[in-house]
Structures are given as C-alpha cells and as structure tokens.
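Descriptive analysis of the structure
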Amino acid sequence: MNSKNKLLIFGDICTVDAHNKSLNDLFGDEYVKELSELINTEDYTIANLEAPVIDDFSPICKCGPTLHVPTSHVKVLKKMGIDALSLANNHILDHGKKGLSTTLAQLSANDIVGWGATTEDEQGCSPLILNIANKKVAIFSFAEKEFNTDNVTSSGANIFDPYIHLHEIARFKEEVDYIVVLYHGGIEHYVYPSPDLQKKCRAMVSMGADCVLCQHSHCIGTIEHFNNGFILYGQGNAIFGYRRENATWNQGLAIRIDPSSRYIEMIPIGITDKGCSVINPALAKEILDTLKLNSSRVSDKTFIHEQWIRFTMQKRALYLAMLMGKSRIFNKLNRIVDNKILSLLVSKSTWRTMLNLIRCDSHREVLVNILEQENIKA
C-alpha cells in the first residue's frame, strides 16, 4: 500500500435514513460533492458505515430502527474517496449474518476495506494497519453490545471487552507509531461523556491510544486532552439524512490527523436537504467555539457527574417505563406526567430489587443471559 500523508476520518454514514425517505433518491455523486472535494490525494479516508449493505432485506427481530444501504450506493462512496469503512456499530447485524456477508462482499468488490466486524468466530478484533506519513498506524474499531453480535460464535461487530482489548492496544503500542481507536458507543444526543465512557476512553489512552474518537451519539460532543492523548466524545454525523428541526443532527466533524507531527485538525461538516457540505467559515467558527466552551470542564469529575445526573433524570420517565415493559402509549403518558404513574404503581422495594439486579455484575450477567434466551425463543 502506498503511503499517504494524512488520515481523514468521517463519522457515521447511513445513506438511507429511516426518518428521511427521500434520501434514497437524493443520494449520489452530487449529494456528496463537497465532501469529495474535502478529500485530497494525500488522505487515507475512513468512516463508520452505520448499516449493512443489502438489497434483499432480511431484518432481524430487535428494538429500534432497522437500517440498510443499497448496494448501488457503495460505488458513490468509493467515488467520493472512501478507502475503508468501520463496521463495528450497533446496526451492522440489522439484517443478520447475511447482511454482514453482503456488506463485506460489496466493499471488497469496490476496493473498500471493511473491518471491525466479521462473519467468522472471534476474528474481528484485529486493527486496520496503515502506512501514514511513513508512520505505522493501527486503527482499532470497537462497539458497545446491542443487537450486533452472535452470542455463540462472537461473529458480528467487534464488541469492546476491556479485559481483552485494553491489552491489545498496549500490545500494538510496541509495534506501531500511532494508534487510533474508533469507539461506537455512549449516549445519543448527549454532548458530554458519561462517567463510564470517560473511564473507558481514558483507559484506552493510558494503554497506548493516541486518539480516541467516539461515534454513535449523532451530535458533536466534547474533547479532552488526557495523558498526551486526544479524546473526542462525539464526532457527529457525516451522512445520515437531513432533519429540519434538529441542527445538531445535521452537523459533524471530519478529523484529519498527521501521525508524524501528531497534529489533529477538526473540520465542521454539515447536512442540508440537498446534500453534505463543508460548513462555511463563520458557522464553523461558531461550532468550534461551542465545542471549546463545552469542553472546558470535561476534566472536572464533579461537573461530569452533575451533568450526567441531570441528563439521566430527564430520561427517567422513558427509561423506567421501557424497563417495565410498558406500551408506547403508557410510556408517552408517563413522560407527560414526569414518571408519576410509575411512582404510584411500583413500590420502593421493587426499585431497590431492580437496582441490585442491574448494578451487580453477577446478577446482571444472569439477567442478560435470561433475557437473551427469551429473545431466542421469541
């Protein structure tokens, strides 16, 4: 592989948005023209492909939306300048092993590297190794566990396991000059890291990662400089459909890295109803200024804890109703009255029991296995 001088990383890409049906018709060379112009011949360009590539649908049983990318769209991504696509995310098994197989086949046919997921048994954890600026670069791709892995063979997305992967990062640190981690996890639409996400990302840096980019949140988050490492808690979308009433959904950051100088450039990009673009200088400055302001207290443990408590309590009525298995109508009513319905129906002792089952590692492992088996039966 010829050496490139820079590494250019985009965030989440799904070329058919469940909330924007017209994207399927709009997506083409013109739609990504400005992003294509951002990519130069010195860039090795990667992104996260947030859906399997498939035309013959075979959706799995899951909660949440089921996404896909038509095979014809892969050629557009290749012409755009994409060299590799990370597949470690929560949607890559939306159409089962068949969808992952067709994804890998279509990427290979279009000379795009796909990594971070596998149809084989436990073979997906190897990083992508590149020669960038005459430096050996390893790019790991991890995801949190949802409906994106086979529990028996571990095929599917490369699920982050701190007992294994932190040591893998440390091992590769002895073999390469620069390590990037793409971590597909965290909470959607939340700009700060949760306390647990912050611990994970800091641990990755402590074990040798130079740059950790968190994807999945669908919004630009915050940055932290930790132990000579760079952490971005939320890269935002690259291509995911335009949402008229959601400005943060329509914005993301392209990250350009020079492993030789260790310089990292953040380039604001945006989505409109006509396509993806590089954001104009005035708005770009506003976005980066907001990022800087939001990031100013990200190392403050008390601040992060307080923000997390505030955010989670806003989600209390929704999450507790979902956990109790209530209907959508019940969930909506419970949110309107700020959880007062569940507070009347569920006793304090029940809440304590639920807390113990979920908080304790051993009880949670039992509970997760029971629920997985119940879903298999269904």
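Up top is the structure.
My aim in this report is to walk through the structure given alongside it, one point at a time. (Residues numbered from 1 in each chain as written. Predicted model: local features only at pLDDT ≥ 70, side-chain atom pairs only at ≥ 80, totals over all residues. Heavy atoms only, no water.)

**Structural notes on the overall build of the chain**
Our working definition: Each helix is a run of DSSP H or I of at least 4 residues and each strand a run of E of at least 2, with the numbering of both proceeding from the N terminus. Think of it in three bands: with a 1.4 Å probe and only protein chains considered, a residue is buried below 20% of the maximum accessible area for its type, exposed above 50%, and partly exposed in between. By definition, residues are in contact when any of their heavy atoms lie within 4.5 Å.
Looking only at helices and strands, the chain has 13 helices and 16 strands in total. Projected onto its principal axes, the C-alpha coordinates of the chain cover approximately 65 × 50 × 45 Å. By the burial criterion, 49% of the 378 residues in the chain qualify as buried. Taking the intrachain contacts of the chain between residues at least 6 apart in sequence as the baseline, contacts between residues at least 24 apart amount to 68%.

**A word on a nonpolar patch on the surface**
Let me state the cut-off plainly: A patch is a set of surface residues, each over 30% in relative accessible area and not in a salt bridge, joined within 9 Å for like charges and within 5 Å for the nonpolar side chains Val, Leu, Ile, Met, Phe, Trp and Tyr. Surface accessibility follows the Shrake-Rupley procedure with a 1.4 Å probe radius. Residue values consider only the protein chains on display as shielding. By definition, a salt bridge exists where a carboxyl oxygen of Asp or Glu is found within 4 Å of a side-chain nitrogen of Lys or Arg.
A surface patch of nonpolar side chains, about 390 Å² in accessible area, is lined by Ile 329, Leu 333, Ile 336 and Val 337. For Leu 333, a relative accessible area of 45% puts it in the partly exposed group.

**Overview of empty space enclosed by the protein**
Note the threshold: Method remark: on a 1 Å grid restricted to protein atoms, a set of points is classed as a cavity if a 1.4 Å probe fits but cannot get out and as a pocket if it is open with protein on both sides within 12 Å along at least five of seven lines; lining residues have an atom within 4 Å of a point. Grid points are joined across faces, edges and corners, and a volume is the space filled by probe spheres set on the points. Residue polarity is assigned by list, with Asp, Glu, Lys and Arg as charged and Ala, Val, Leu, Ile, Met, Phe, Trp, Tyr, Cys and Pro as nonpolar; anything else, Gly included, falls into the polar class.
A complete count under the given rule lists 1 cavity of 30 Å³ or more for this structure. In this structure, the largest cavity occupies an estimated 70 Å³ of space. Lining the largest cavity, in full, are Gly 185, Gly 186, Ile 187, Tyr 190, Tyr 192, Pro 193, Ser 194, Leu 197, Cys 214, Ser 217, Tyr 233 and Gly 234. Grouping the amino acids of the lining of the largest cavity by side-chain chemistry returns 7 nonpolar, 5 polar and no charged.

**Structural notes on the environment of Val 212**
Relative to the elements of secondary structure, Val 212 occurs in strand S10 (residues 211-215). Put simply, Val 212 and Gly 229 are 17 residues apart on the chain and 7.9 Å apart in space, counted from C-alpha to C-alpha. Once residues within four sequence positions are removed from consideration, Val 212 is found in contact with Val 181, Cys 201, Met 204, Val 205, Phe 230, Ile 231 and Leu 232.

**Looking at the layout of surface pockets**
Within this model, the second largest pocket holds a volume of roughly 220 Å³. Taken together, 13 residues make up the lining of the second largest pocket; nearest its centre are Val 191, Ile 220, Thr 248, Gln 251 and Thr 290. Listing elements by their share of the lining of the second largest pocket, those giving two or more residues are strand S11 (220-226) and helix H7 (281-295). Counting residues per element, the lining of the second largest pocket draws most heavily on H7, at 6 residues. Within the lining of the second largest pocket, the residues separate by chemical class into 6 nonpolar, 6 polar and 1 charged.

**Quick notes on the pattern of salt bridges**
Counted according to the given criterion, the structure contains 18 salt bridges. A salt bridge links Asp 210 to Arg 262, with the nearest nitrogen and oxygen atoms 2.9 Å apart. Separated by 52 residues along the polypeptide, Asp 210 in the loop between helix H6 (195-206) and S10 and Arg 262 in the loop between strand S14 (251-258) and strand S15 (263-271) bring together distant segments of the chain. On the basis of relative accessibility, which here comes to 6%, the residue Asp 210 falls in the buried class.

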